[in-house]
Amino acid sequence: MVHPAQGAYTGREHSAIIRRSVCPYDCPDACGLLVEVEGGRAVRASGDPEHPFTRGFLCPKMRHYERTVHSPQRLTTPLVRTGPKGSGPKGSGNFRPVSWEEAIGLIAGRWRQIIERHGAEAILPYSYAGTMGLIQRNAGHPFFHRLGASRLERTICSPAKKAGWKAVMGNTRAPHPDEVMRSDLVILWGINAAATSIHFLRGVREAKKRGAKVWLIDTYRTPTAAVADEIFLVRPGSDGALTLGLMHLLARDGRLDENFLKERVQGFEELRQRILPDYPPEKVSALTGLPVTALEAMAAAYGAARAPFIRLGSGLSRYGNGAMTVRTIASLPALVGAYGKPGGGCFCGTSTSAAFALSEVTREDFMARPTRLVNMNLLGQALTKLEGPPVHALYVYHSNPAVVAPDQNAVLRGLEREDLFTVVHERFLTDTASYADVVLPAASSLETSDLYNSYGTYCIQRARPVIPLVGQSKSNWDTFALLAKAMGFTEPFFSQSADDLIDRLLAIPSPWLEHINTALLADGRTVELPVPAAEGFGTPSGRIEILNTAESEPLPRYIPSYAAQEDLLPLRLMTAPSLFSLNSTFYEQTDLRKRQGGMRLLLHPEEAKIRALSGGQMVTAFNSLGEVNFLLETSERVPPGVAVAEGVWWLEHAPGLRTVNALTSQRLTDRGGGSTFYDNAIDVRPAS
Ligand SMILES: Nc1nc2c(c(=O)[nH]1)N[C@H]1C(S)=C(S)[C@@H](COP(=O)(O)OP(=O)(O)OC[C@H]3O[C@@H](n4cnc5c(=O)[nH]c(N)nc54)[C@H](O)[C@@H]3O)O[C@H]1N2
Ligand SMILES: Nc1nc2c(c(=O)[nH]1)N[C@H]1C(S)=C(S)[C@@H](COP(=O)(O)OP(=O)(O)OC[C@H]3O[C@@H](n4cnc5c(=O)[nH]c(N)nc54)[C@H](O)[C@@H]3O)O[C@H]1N2
Ligand SMILES: [Mo]
């Protein structure tokens, strides 16, 4: 048993000591960490066995967090560009180290000129989820609001999923994730939980032990297939049709919970009469690629289950029809009354940030007027085409758009502009940083204070620094404090510390925080918030709204994805998460890169054969947006018609000049302005 030390790093410790922290990355689990610190360095990271949900188990990515924190590649001083833009880490001779004072002075000077000539909206902040802590993640909002800069619509991840869920369920809160243990039919739907929700799988395995059956519905056999009893591989973007087909069969066979539908659901009759007749099994089979016998068996098993539980991922929402697909799936449990049963329903995710008055961090009130909104998925367009005013300055923090944003060629064309003044605050000289005019070194989560929420559990945790700052790095919060001072902002808000702001947030009354143990939280331990009691559904009508007249389409129906509408190229590209990286994070760890086995494209052997390709060969994947070289792997795990590229690789480690997002488009989802990373078609030829 380990006994972590209390309080923050003091700088006076000489022998090894163990301190608590939190995994800062964009993952639903938000693991509790124990960090062994020796001589001011983190020497080992392990899971905190006292974390109520993650219970001491870490994913392969975090097992050597110390290798990221103390990587020889960490940036340790501010840098100013001396060579051409975008020559990558190999060309790091293109920068010269400068002091923070010089760097901040340079930035403030350029920004003042730009504001004078073009107005503050010519400045665009760009950030996403390098760190999930509520303070560091949102640290730029008050600054850019006060500056009057353009605002970024942060919709790269899953806004379509949220919009789809909300259309049916409103603000209904998710059950506790361990509710899955009480289910007799668990459906892992469009989620590679073995990569993206590993602690949730513990509950799934427990349900299995108690007799539950587990299904996986995906577009290829992901590593999650190992826990599944049944695997259903659907055509990409066709889950909406699948769901309507299942509903058709449930209605046809009288497998409905009529009482539940009458009392707690709005609009099932309309759906039954106007929509479901259009989705007979033969048609749904043609749309989804699933045989009619499989559809019949699925509907029969779903209808007969005592408490079917859907764990819905985000992949299937990243399509032109993504919000509608989620809306349709969210309606399904209502037909059999699963939302009313322990262990039943649909789990999309939690949001414990709801416990906090986040507007006290983001400070929309600092805006003199609502400024221009720029959708982050349209960064390529914003940097190359936007007028009134064009973007003259970009400030990137905890994000890596040169590789994570769609339409890489457009993004890089934008970043290459000599007249664009780019600042990047980063831990590493990422591909984005290699295009910067000024690079600022960022602190890691072990060096900063923060308050962490979770989007897969009901846990929160406060973290304090466990090691001193590496080199001259600074946290997001402290960097914006310097920039605020340089820009002449005198509001006391900008001179408080991150810990001051955390104290303030925790002191604001919230029904979520009423009964928690504040001493535990102050001590840096994980605190689980009580799941709010479910009284009815959080919709305007108090019912599950299958019919929602506030939507432009009042009822769910199947809309084909962009790629299905075009049908120009034969392969649908799945840009799926890897077990050994998190978006473009962790590529600094050599072992994790090796475990991915290089930047690969997976194809069914038949698809390789008709193109005279073989596994192990270098291939070029292409479409109208770009070309990307991959190492080809042929695999029966991938059905014909589908290509899979896991991971978001750095250009530095790519076999060619581009990575996967040179093949993804800037098209948006039907609702929410989301990304459509999975809704792209490609073809493949031998690399020249
Ligand atoms: N190891 C690892 N963990 C991660 C991440 C990572 O990159 N790696 N990313 C983090 C982030 S940012 C997020 S948002 C979360 C969630 O990250 P997401 O990217 O949403 O990952 P999943 O929810 O696992 O869902 C992706 C799955 O959806 C499948 N899919 C794609 N299209 C379809 C379709 O049309 N139908 C069906 N049924 N399935 C489809 C893909 O094949 C894949 O298995 O995970 C986080 N955790
Ligand atoms: N092809 C494809 N593209 C995708 C996805 C996909 O599945 N496939 N997933 C998409 C999704 S769901 C998401 S959420 C986005 C995520 O996109 P991003 O939010 O850009 O995530 P990362 O790639 O993890 O890059 C985060 C960067 O932040 C830096 N960083 C970490 N901590 C700090 C800090 O405290 N301060 C500062 N200043 N920097 C820090 C890290 O070094 C890292 O380079 O990517 C999207 N892109
Ligand atoms: Mo994400």
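Residues numbered from 1 in each chain as written. Chains lettered and ligands numbered in written order. Predicted model: local features only at pLDDT ≥ 70, side-chain atom pairs only at ≥ 80, totals over all residues. Heavy atoms only, no water.

Judged by pairing direction, the barrel is mixed, and its six strands sit side by side in the order β22-β26-β23-β25-β24-β27 before closing back on the first. Taken pair by pair, the neighbouring strands of this sheet meet at an average axis angle of 45 degrees, ignoring direction. Here strand β23 (residues 600-603) runs beside strand β26 (residues 642-644); their pairing, made up of two bridges, is antiparallel. By the bridge assignment, leucine 602 is partnered in β26 with valine 644. (Pairing = 2+ DSSP bridges. Helix = DSSP H or I, 4+ residues; strand = E, 2+ residues; numbered from the N terminus. Axes fitted to C-alpha atoms, helices over the stretch in contact; angles between N-to-C directions.)

This next bit is on the site of ligand 1. Around ligand 1, 32 residues are found, and the nearest of them are Asn192, Asp218, Asp239, Ser578 and Ser581. Between an oxygen atom of ligand 1 and a side-chain N or O atom of threonine 196, the distance comes to 2.8 Å. In this structure, aspartate 239 approaches ligand 1 through a side-chain N or O atom, which is 2.7 Å from a nitrogen atom. Out of a free accessible area of 910 Å², ligand 1 has 96% covered by protein chains. Those elements that provide at least two residues to the shell around ligand 1 are α6 (193-196) and β9 (213-218). Each residue belonging to the shell around ligand 1 can be placed in one class, and the counts come to 15 nonpolar, 12 polar and five charged. Residue contributions to the shell around ligand 1 reach at least three from each of two domains, namely domain 3 (160-351 + 539-545) and domain 4 (562-686). (Near = heavy atom within 4 Å. Polar contact = N/O pair within 3.5 Å; in protein donor to acceptor, adjacent residues only side chain to side chain. Areas by Shrake-Rupley, 256 points an atom, 1.4 Å probe, with all protein chains shown as cover. Nonpolar A, V, L, I, M, F, W, Y, C, P; charged D, E, K, R; others polar. Domains from an automatic or database assignment.)

Many descriptions give the size of an interface as the accessible area lost when the pieces come together. Segmentation of the protein chain into domains returns domain 1 (17-69), domain 2 (79-156 + 374-450 + 464-515), domain 3 (160-351 + 539-545) and domain 4 (562-686). On a C-alpha basis, the centres of domain 1 and domain 3 stand 34 Å from each other. Residue-level contacts link 11 residues of domain 1 with 10 residues of domain 3. In total, domain 1 and domain 3 occlude about 780 Å² of area from one another, counting both sides; carbon and sulfur atoms represent 56% of this. Of all residues in domain 1, Asp29, Phe53 and Arg55 bury the most surface against domain 3, accounting for 60% of the area lost on that side. Taken together, domain 1 and domain 3 are joined by four residue pairs in polar contact (both at pLDDT 80 or more). A breakdown of the residues in the side of domain 1 that touches domain 3 according to their chemical character gives seven nonpolar, one polar and three charged. (Contact = heavy atoms within 4.5 Å. Buried area = accessible area lost by both parts, 1.4 Å probe.)

Here we come to the site of ligand 2. Near ligand 2 lie 29 residues; those nearest to it are Ser399, Glu426, Asn476, Ser584 and Thr585. Arginine 427 is positioned with one of its side-chain polar atoms (N or O) 3.0 Å from an oxygen atom of ligand 2. Relative to its free-state accessible area of 930 Å², ligand 2 is covered by the protein chains to the extent of 95%. Among the residues making up the shell around ligand 2, the classes are represented as 12 nonpolar, 13 polar and four charged. Inspection of the shell around ligand 2 shows a minimum of three residues originating in each of domain 2 (79-156 + 374-450 + 464-515) and domain 4 (562-686).

Glancing now at the packing of aromatic side chains. Here the structure, examined in full by the defined rule, presents 30 aromatic pairs. Plain terms: the ring middles of phenylalanine 144 and tyrosine 395 are 5.7 Å apart, the flat faces sit at 55 degrees to each other, and that makes the pair tilted. A residue pair is termed long-range when its members are at least 10 positions apart, and phenylalanine 144 in helix α4 (residues 140-147) and tyrosine 395 in strand β15 (residues 393-397) qualify at 251 residues. In this structure phenylalanine 144 comes out as buried when scored by relative accessible area, which is 4%. Taken together, the ring pairs in this structure connect Trp111, Phe143, Phe144, Phe366, Tyr395, Tyr397, Trp477, Phe480, Phe489, Phe493 and Phe494 into an aromatic cluster. Across the ring face of phenylalanine 53, the terminal group of arginine 202 is positioned such that the distance to the ring centre comes to 5.3 Å. One Lys or Arg, arginine 311, reaches over the ring of phenylalanine 200 and ends 5.3 Å from the middle of that ring. (Phe/Tyr/Trp six-rings, centres within 6.5 Å; stacked < 30°, edge-to-face > 60°. Buried < 20%, exposed > 50% of the residue type's maximum accessible area, 1.4 Å probe, protein only. Lys NZ or Arg CZ within 6 Å of the ring centre and 35° of its normal.)

Below, the discussion takes up helix α17 (residues 408-416). The buried fraction of α17 amounts to seven of the nine residues, a majority that puts the element mostly inside the structure. Within the sequence span of α17, burial applies to Gln408, Asn409, Ala410, Val411, Leu412, Gly414 and Leu415. Next to the buried residues of α17 lie α15 (379-384), β15 and α16 (401-404).

What follows is about the pairing of β15. Counting buried residues along β15, five of its five residues qualify, which places the element largely inside the surrounding structure. Neither face of β15 is left uncovered, since the one carrying Ala393, Tyr395 and Tyr397 and the one carrying Leu394 and Val396 both have all their residues buried. Across five bridges, the pairing between strand β6 (residues 123-127) and β15 is parallel. Within β15, the residue paired with serine 127 across the bridge is tyrosine 397. Where β15 meets strand β16 (residues 421-426), five bridges bridge the pair, whose relative direction is parallel.

It is worth spelling out the pairing of β23 at this point. In the case of a regular strand, side chains alternate between the two sheet surfaces. The pairing of β23 with strand β25 (residues 627-634) spans four bridges and is parallel. Within β25, the position partnered with arginine 600 by the bridge is leucine 631.

To continue, consider helix α12 (residues 292-304). If you check α12, its first and last C-alpha atoms are 18 Å apart, about what 13 residues at 1.5 Å a residue would give, namely 18 Å. When we look at burial in α12, the residues that qualify are Ala294, Leu295, Met298, Ala299 and Tyr302. Each buried residue of α12 sits inside an arc of 130 degrees when the element is viewed along its axis, so together they form one side. Looking at α12, the residues exposed on the side facing more than 90 degrees away from the buried face are Thr293 and Ala304. (Expected span 1.5 Å × (residues − 1). Arc of directions from axis to C-beta.)

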